[in-house]
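Examining the three-dimensional arrangement
Listed here are the chains, written in short residue letters.
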Amino acid sequence: MSTTHRWLSLFEGCLLVALGVHLLNAANLLISGTAGIGMILTQLTPLSFGQLFFLLNLPFYLLAWNVLGKDFTIRTFFSISMLAGLSELMRLFIHIDIDPLFSALLGGMLVGFGLILLFRHNASLGGLNILALYLERRLGIHASKTTLAGDALVLLLAVMVVDMTSLIYSLLAFLTLCSVVGRYHRPPEWARVKAHS
């Protein structure tokens with residue numbers, strides 16, 4: 001696999017996730033993991049999503065370096081920084097008025113497909129994704145199961161900042177993301193359990 005192909009795929013994955021998050025933010029909806037926590041904190045602090053997302057992921061780099069390796073950590077740092085930057089650009093220059101149902105479905109799909117691109121190139125968007133890839137590599141637990149557990153936690157925290165209608169649409173976005181990752185993600189070779197001959 002060429003270096004150009006790998007880094008272009010990482011950029012494309014980040015672009016899909018950034019657009020999905022932007023659509024969800026436009027409808028006051030949430031998404032999973034560290035991104036979801038960042039979206040919640042935007043309503044409780046003066047910081048933007050891009051700033052919060054970058055800061056929230058700082059503690060996870062040490063775990064990634066020690067457990068998942070230098071190359072994974074470098075690609076993940078690049079992906080997190082790219083997503084933070086793209087999110088800032090979209091916040092400043094792209095203004096969307098979108099129906100929450102369409103936002104939940106399209107936003108969840110975009111984030112899911114973006115994550116798949118990152119997973120397939122041994123990268124993540126930090127936080128819960130690092131944990132998901134670690135559990136998949138070490139224990140064979142599919143990434144979508146860990147993601148779903150994280151989604152439930154974000155929903156519990158979301159009660160503080162969004163109303164019940166937004167929570168329901170956010171749950172739809174969570175389920176759409178998990179459905180996409182669960183159906184289309186194929187673990188890379190290093191994550192597959194080898195059958196004994």
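Up top you'll find the structure we're talking about.
Residues numbered from 1 in each chain as written. Predicted model: local features only at pLDDT ≥ 70, side-chain atom pairs only at ≥ 80, totals over all residues. Heavy atoms only, no water.

Within the largest apolar cluster, 50 residues are counted, with the highest numbers of intra-cluster contacts made by Ile 31 and Leu 125. Among residues more than four places away in sequence, those in contact with Leu 125 are Cys 14, Val 17, Phe 53, Asn 57, Ser 79, Ile 80, Leu 83, Leu 115 and Leu 118. (Core = buried A, V, L, I, M, F, W, Y, C linked by side-chain atoms within 4.5 Å. Buried < 20%, exposed > 50% of the residue type's maximum accessible area, 1.4 Å probe, protein only. Contact = heavy atoms within 4.5 Å.)

With that settled, consider helix H2 (residues 33–42). Counting buried residues in H2 gives seven out of ten residues, a clear majority hidden from the surface. All of the buried residues in H2 are Gly 33, Thr 34, Ala 35, Gly 36, Gly 38, Met 39 and Ile 40. (Helix = DSSP H or I, 4+ residues; strand = E, 2+ residues; numbered from the N terminus.)

Turning to helix H3 (residues 49–57), a few remarks are in order. The complete set of buried residues in H3 reads Phe 49, Gly 50, Leu 52, Phe 53 and Asn 57. Projected down its long axis, H3 carries its buried residues within an arc of 165 degrees, all on one side. Here the buried face of H3 lies against helix H1 (3–26), H2, helix H4 (60–68) and helix H5 (70–93). (Arc of directions from axis to C-beta.)

Further remarks concern the packing of helix H6 (residues 100–120) against helix H9 (residues 164–184). In contact at an axis separation of 8 Å, H6 and H9 are set at 35 degrees when each is read in the N-to-C sense. In this structure, the crossing between H6 and H9 has a hand that is right-handed. Residue classes in the contact of H6 with H9 are distributed as 17 nonpolar, three polar and one charged. (Axes fitted to C-alpha atoms, helices over the stretch in contact; angles between N-to-C directions. Left-handed = near helix turned anticlockwise from the far one by under 90°. Nonpolar A, V, L, I, M, F, W, Y, C, P; charged D, E, K, R; others polar.)

Turning to the state of the cysteines, a few remarks are in order. Taken as a whole and assessed by the stated rule, the structure comprises zero disulfides. The cysteine Cys 178 is free of any disulfide, with Cys 14 supplying the nearest cysteine sulfur at 19 Å. (Disulfide = S-S within 2.5 Å.)

This part covers the packing of aromatic side chains. What describes a pair of aromatic rings is the distance from one ring centre to the other and the angle between the planes of the rings. Applying the stated criterion across every chain, the model contains four aromatic pairs. Both rings, one in Trp 7 and one in Phe 78, keep their centres 4.9 Å apart while their planes meet at 85 degrees; by these two values the pair is edge-to-face. Highlighted residues: Trp 7 in helix H1 and Phe 78 in helix H5, separated in sequence by 71 residues. Taken together, the ring pairs connect Phe 54, Tyr 61 and Phe 77 into an aromatic cluster. (Phe/Tyr/Trp six-rings, centres within 6.5 Å; stacked < 30°, edge-to-face > 60°.)

So, on to the side chain of Arg 75. Mapped onto the elements, Arg 75 comes out in helix H5. Buried and without a salt bridge, Arg 75 has Asp 71 as its closest oppositely charged side chain, separated by 4.9 Å. Once you skip the residues sitting within four places of it in the chain, Arg 75 turns out to touch Arg 6, Trp 7, Leu 10, His 121, Asn 122 and Ala 123. (Lys, Arg positive; Asp, Glu negative; His and termini not counted. Salt bridge = Lys/Arg side-chain N within 4 Å of Asp/Glu carboxyl O.)

The next point concerns unusual backbone geometry. Phi angles above zero are rare outside glycine, and Asn 28 is one such case at about 60 degrees. By the secondary structure assignment, Asn 28 is in the loop between H1 and H2. One non-glycine residue, Asn 122, adopts positive backbone phi at about 55 degrees. A residue is classified by how much of its surface remains accessible, and Asn 122, at 14% relative accessible area, is buried.

Take the environment of Phe 54 next. Note that Phe 54 resides in helix H3. Phe 54 sits in the partly exposed class, given a relative accessible area of 26%. Excluding its chain neighbours within four sequence positions, the residues that come into contact with Phe 54 are Phe 77, Ile 80, Ser 81 and Ala 84.

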